[in-house]
Amino acid sequence: MIRFSNDDLSYLAWMAAHPDGFVLNVRCVADPDYVVLHRASCGSISTDKQAPAAFTGRGYEKICAVSVAELELAAKREGRNDGSFSKRCGLCRP
Ligand SMILES: [Zn+2]
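Reference entry: report on the structure contained in this document. The shown structure was predicted, so the numbers you read here are calculated from the model rather than taken from an experiment.

## Considering the overall build of the protein chain
Phase 1 of the analysis: Along the backbone of the protein chain there are two helices and five strands.
Phase 2 of the analysis: Along the protein chain, helices (α) and strands (β) appear in the sequence β-α-β-β-β-α-β when read from the amino end.
Phase 3 of the analysis: What you see for the protein chain is a C-alpha radius of gyration of 12 Å, in line with the 12 Å of a compact globule of 94 residues.
Phase 4 of the analysis: Considered along the principal axes of its C-alpha atoms, the protein chain spans approximately 35 × 25 × 25 Å.
Phase 5 of the analysis: Per-residue burial over the protein chain gives 39% buried out of 94 residues.
Phase 6 of the analysis: The long-range fraction of contacts in the protein chain, counting pairs at least 24 apart against all pairs at least 6 apart in sequence, stands at 65%.
Phase 7 of the analysis: Accessible surface for the protein chain amounts to roughly 5100 Å². Of this, 51% is attributable to carbon and sulfur atoms.
Phase 8 of the analysis: Charge-centre separation for the protein chain: the mean point of 12 positive side chains lies 5 Å from the mean point of 11 negative side chains.

Listed below in structure tokens is the structure:
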């Protein structure tokens with residue numbers, strides 16, 4: 001499991017290397033109401049046509065892992081005591 005902050009290049013490299021992985025979109029200040037699960041293949045979190053720092057800057061960070069179970073642990077650290085997610089992306093349906 002790896003967390004990306006203000007480093008879109010490394011984030012996008014991880015996404016390219018782990019197309020079957022999962023991504024948690026979180027705020028840089030832990031907010032249990034914003035812990036959103038995506039598949040690494042989801043277009044909404046990986047298109048390279050976005051503005052600089054669109055993914056891991058501007059108040060947001062990404063936590064990447066190869067399994068959902070790891071991200072359940074990450075969700076707990078964001079303040080979700082039961083390890084659930086505030087939302088699962090409706091596009092990629094993880
Ligand atoms: Zn998604």
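From this point, things continue past the structure.
## Points about the coordination of the zinc ion
Phase 1 of the analysis: Looking at the metal site, the zinc ion is ligated by H38 (ND1), C42 (SG), C89 (SG) and C92 (SG), spaced 2.2 to 2.3 Å from it.
Phase 2 of the analysis: Within one chain, the residues serving as donors to the zinc ion are arranged as H-x3-C-x46-C-x2-C. You can see H38 sitting in strand 3 (residues 35–39) and its partner C92 sitting in the segment after strand 5 (87–88), a full 54 residues away along the chain.
Phase 3 of the analysis: Here H38 falls in the buried class, since its relative accessible area comes to 6%.
Phase 4 of the analysis: Residue C92 is classed as buried on the basis of its relative accessible area, which comes to 13%.

## Focus: the packing of aromatic side chains
The way to describe two aromatic rings as a pair is by their centre distance and the angle between their planes.
Phase 1 of the analysis: Going through the model one piece at a time under the given rule, you end up with three aromatic pairs.
Phase 2 of the analysis: A centroid spacing of 5.9 Å and a plane angle of 65° characterise the contact between F4 and Y11, whose relative ring orientation is edge-to-face.
Phase 3 of the analysis: An aromatic cluster is present here, built from F4, Y11 and F55 joined pairwise through their rings.
Phase 4 of the analysis: In this arrangement the basic side chain of R27 is found over the ring face of Y34, its NZ or CZ atom lying 4.6 Å from the centre.
Phase 5 of the analysis: Sitting over the face of the ring of Y11, K62 holds its NZ or CZ atom 5.7 Å from the ring centroid.

## Here's the deal with the sheet that holds strand 5
Phase 1 of the analysis: Spatial ordering of the open sheet is given by 1-4-2-3-5, a layout of five strands whose pairing is mixed. Looking at the sheet topology across the chains shown, the edges are occupied by strand 1 (2–4) and strand 5.
Phase 2 of the analysis: Examined bridge by bridge, strand 2 (residues 22–27) and strand 3 share five bridges and lie antiparallel to one another. Bridged to V23 within strand 3 is H38.

Analysis parameters
Residues numbered from 1 in each chain as written. Predicted model: local features only at pLDDT ≥ 70, side-chain atom pairs only at ≥ 80, totals over all residues. Heavy atoms only, no water. Helix = DSSP H or I, 4+ residues; strand = E, 2+ residues; numbered from the N terminus. Rg over C-alpha atoms; globule rule 2.2 N^0.38 Å. Buried < 20%, exposed > 50% of the residue type's maximum accessible area, 1.4 Å probe, protein only. Contact = heavy atoms within 4.5 Å. Areas by Shrake-Rupley, 256 points an atom, 1.4 Å probe, with all protein chains shown as cover. Lys, Arg positive; Asp, Glu negative; His and termini not counted. Charge placed at Lys NZ, Arg CZ, Asp CG, Glu CD. Donors = N, O, S within 2.8 Å, 3.2 Å for Na, K, Ca; no water. Phe/Tyr/Trp six-rings, centres within 6.5 Å; stacked < 30°, edge-to-face > 60°. Lys NZ or Arg CZ within 6 Å of the ring centre and 35° of its normal. Pairing = 2+ DSSP bridges.

So, to be careful, I would describe these as geometric facts and stop short of saying anything about function.
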